[in-house]
Amino acid sequence: MSALLVLLVGLPLLVAALLLLVPRWQIEPVAVPVGVVTASVTLLASVLLLAARPWQSPDPVAEVDVAWVPTIGVRLHLLVDGIALPLVLLTAVLGLAVMLLLCRQVPGGGSPQSLVAALLAVEGGALAAFTAADLVVFFVAFELVLVPMWAVIRVWGHRPERDEAASRFVLYTALGSVLMLAGLLVVAIGAGTTDVVRLTAAHGTGLDRTTQVAAAVLLVLGLAVKVPVLPLHTWLPPAHTAAPTVGSVLLAGVLLKLGSYGMVRFVVPVVPQGFSAVAPVLGALGAAGVLWGGLVCLRERDLKRLVAYSSVAHTGFVALGIASGTPEGLQGALFLNVAHGAISALLFVVAGALKDSGRTGVGDVGAGLRDRAPRLGAMLAVGCVAGLGLPGLAGFWGELLAVLGSWHGPADAERDGEPGVVFWRALAVLAAVGTALAAAYLLRVLRLVWHGERPDDAPAQPVDDVPEASWADVAVGLPLVVAIAALGLLPSLLLRVTEPGVRAVLEAVRGVV
């Protein structure tokens with residue numbers, strides 16, 4: 001299984017490097033098929049890891065642990081457990097999805113060879129980050145993802161917004177990286193190790209409360225940029241608007257999960273006292289993000305920006321669930337990470353297909369999409385009803401568990417007396433209001449685009465028929481629809497996988513906070 005883990009992480013990165021080194025005239029005609037094959041093998045490796053059921057074993061089933069920088073004690077330590085596995089599978093699925101979308105159309109701006117290399121680098125870097133069991137390895141993998149994603153936005157993005165969007169993306173993420181690096185150094189110097197397994201087992205011992213609080217503030221701020229948490233979210237809508245469809249799918253489905261995953265893996269169990277101190281602020285910002293994202297979506301006309309702002313709302317639920325520090329909250333956050341990855345990817349496939357045909361706004365699409373483009377309309381309908389949290393689809397369970405986690409509140413809320421309990425329950429109520437806003441703006445999209453009634457500001461002239469979903473759109477969308485329905489009807493498929501990891505995280509925290 002260790003060899004399988006090496007293949008999973010190393011293959012996309014190796015092929016990406018080879019694509020950049022081989023002369024263009026030799027490889028460019030087959031660059032996209034090479035990307036498809038590489039992503040397929042990576043997905044197969046992730047499925048084989050799933051078949052090994054690593055969440056059922058107290059010891060890592062797949063682990064790599066070799067010396068990397070012996071001078072400072074840093075090891076190349078990778079492992080797969082129940083917390084990492086769902087995100088590994090999601091990354092592998094979406095990695096193949098974007099390669100299939102390239103088979104339909106390669107966006108202009110640069111060579112297909114370079115684009116495939118950039119997307120494979122994003123996939124490989126994300127897989128390395130999700131399997132990292134060392135603080136330095138996680139930071140390096142985290143940084144490895146950012147550069148190729150910046151290139152995807154800057155080189156292959158839509159004009160004229162791509163320059164500003166790429167600049168804002170790199171500036172915000174660079175700031176977050178600096179803060180995160182400072183927090184990692186505080187932990188490493190104080191504890192004398194960067195190994196996450198040892199740090200988690202130590203329960204924060206060896207780090208006094210002041211050090212833990214300082215580390216938690218720096219780490220949470222740095223990771224919150226990537227979640228993104230309000231008010232550090234302003235880089236996201238421009239990035240999604242400018243990015244090509246393949247970039248938006250990976251950005252929403254994979255990159256946004258790095259921040260919340262980092263909080264669960266590297267903050268909550270490593271500096272429990274420090275996280276307890278910053279959790280109320282994180283929870284309040286998460287609830288504010290749910291409301292803010294919903295209110296903006298009620299007025300937004302650009303379909304890609306609307307989906308982007310809906311991501312701010314959904315990641316607000318993730319932040320709230322993590323901040324609660326409860327089993328329900330952490331389970332909800334991890335569940336919603338996967339659910340939102342599938343739902344947002346599906347919506348961006350639809351929004352990207354419409355934008356590629358020159359229709360960016362809700363009014364540009366026209367009415368009756370279900371009749372004019374049935375397959376595209378069906379994908380839009382499933383994505384919208386799943387995004388509003390309809391019971392029976394994947395979006396429902398993550399939001400419900402996050403709200404329940406906030407309602408119960410962290411362990412120290414009861415020790416703070418009635419004010420602490422009231423605070424967390426108020427956040428739960430505000431987040432629940434956000435679900436009503438989600439229903440309002442997504443049903444508005446369905447009413448104006450899918451069902452048939454035209455908005456008042458729609459163009460006076462008739463709108464040409466939109467192109468029907470291509471075979472690549474269907475090949476990507478259909479598995480996502482199946483996954484959304486399966487997780488909605490059988491949430492235990494995912495909750496059983498993440499439950500042992502969540503229990504281990506909370507055992508590390510219990511008795512310390």
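Going by the structure above, here's the rest.
Model, not experiment: these values are computed from the prediction.

Focus on the side chain of S406
Alright, step 1. For S406, the position within the fold is in helix α18 (residues 394-408).
Alright, step 2. Residue S406 is classed as buried on the basis of its relative accessible area of 0%.
Alright, step 3. Non-local contacts of S406, meaning those with residues more than four positions away in its chain, are made with L320, S324, W424, R425, L427 and A428.

Quick look at the packing of aromatic side chains
Alright, step 1. For the coordinates displayed, the defined rule picks out seven aromatic pairs.
Alright, step 2. When the centroid spacing of 5.3 Å and the interplanar angle of 90° are considered together, the rings of F130 and Y261 count as edge-to-face. Note that F130 is positioned in helix α5 (residues 112-131) and Y261 in helix α11 (residues 245-267), a separation of 131 residues in sequence.
Alright, step 3. The exposure class of F130 is buried, given its relative accessible area of 1%.
Alright, step 4. When the ring of F138 is compared with that of F266, the centres are 4.4 Å apart and the planes differ by 40°; the resulting orientation is tilted. Taken as a pair, F138 in helix α6 (residues 135-156) and F266 in helix α11 lie far apart in primary sequence, 128 residues in all.
Alright, step 5. Of the residues examined, F138 reaches a relative accessible area of 2% and is grouped as buried.

Focus: the environment of F348
Alright, step 1. By the secondary structure assignment, F348 is in helix α14 (residues 327-356).
Alright, step 2. A sequence separation of 32 residues divides F348 from L380, and the C-alpha atoms of the two residues are 9.3 Å apart.
Alright, step 3. Ignoring sequence-local partners within four residues, the contact set of F348 consists of H240, T245, S248, V249, A252, K304, V307 and A308.

Conventions adopted
Residues numbered from 1 in each chain as written. Predicted model: local features only at pLDDT ≥ 70, side-chain atom pairs only at ≥ 80, totals over all residues. Heavy atoms only, no water. Helix = DSSP H or I, 4+ residues; strand = E, 2+ residues; numbered from the N terminus. Buried < 20%, exposed > 50% of the residue type's maximum accessible area, 1.4 Å probe, protein only. Contact = heavy atoms within 4.5 Å. Phe/Tyr/Trp six-rings, centres within 6.5 Å; stacked < 30°, edge-to-face > 60°.

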